Amino acid sequence: MKTKIYLFPNYCKIIGAGIFISAILLFIIQTQTQILNFDDEYEIVKILLLGGLFLFNFSKEKIEDERLIRIRLMAWAYSFYIVAFTVVAGRIFNFFLDEDLQFYNSATALLITYLSANIVIFIRYRELDVVE
């Protein structure tokens, strides 16, 4: 039985990368100038980061074969392990602090970490041409 994975077309990688870069530029502009000073929580930047990372992660490669599907699933698993370790280590770390670090309580920050780790791991394993 063959499993079908539904992904966005390949051109969505370019769109996702563009949105991600524009989010980083907007964050730099927002922190260094008084433009968009009403957005103190950086909600616009967070939404753009998540949208760009989401499109980049869920887009097909030009040639999507079984090897890439296996690497993609392995990258998702390793990304989950990284975020799970981050959450557990963060909770332990927060136990010893007087004031908690809010990163470990933020679902948005953990999701950005998860999607970013997935991209890095997928690209690394894809270029190594090694599947365990």
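Refer to the preceding data block for the structure.
In this text the structure is predicted, and so the values were computed from the model without any measurement.

(A) Spatial organisation of the nonpolar core. Core analysis: the biggest nonpolar cluster contains 12 residues, these being A23, L26, V45, L49, L53, W76, V83, L110, I112, Y114, L115 and I119. Among the secondary structure elements, those contributing two or more residues to this core are α1 (11–32), α2 (43–57), α3 (66–95) and α4 (107–128). Per-element accounting of this core gives the leading share, five residues, to α4. Formed jointly, this core draws a minimum of three residues from each of two domains, domain 1 (1–62) and domain 2 (65–132). Setting aside anything within four residues of it in sequence, one finds V83 in contact with L110, T113 and Y114. One finds L68, I71, I121 and Y125 within the second-largest nonpolar core, a separate group that totals seven residues.

(B) Seen up close, a nonpolar patch on the surface. Residues I21, I24, L25, F27 and I28 make up a contiguous nonpolar surface patch of about 430 Å² in total accessible area. On the accessibility criterion, I24 (35% relative accessible area) is partly exposed.

About the cut-offs
Residues numbered from 1 in each chain as written. Predicted model: local features only at pLDDT ≥ 70, side-chain atom pairs only at ≥ 80, totals over all residues. Heavy atoms only, no water. Core = buried A, V, L, I, M, F, W, Y, C linked by side-chain atoms within 4.5 Å. Buried < 20%, exposed > 50% of the residue type's maximum accessible area, 1.4 Å probe, protein only. Helix = DSSP H or I, 4+ residues; strand = E, 2+ residues; numbered from the N terminus. Domains from an automatic or database assignment. Contact = heavy atoms within 4.5 Å. Patch = residues over 30% accessible without salt bridge, like charges linked within 9 Å, V, L, I, M, F, W, Y side chains within 5 Å. Areas by Shrake-Rupley, 256 points an atom, 1.4 Å probe, with all protein chains shown as cover. Salt bridge = Lys/Arg side-chain N within 4 Å of Asp/Glu carboxyl O.

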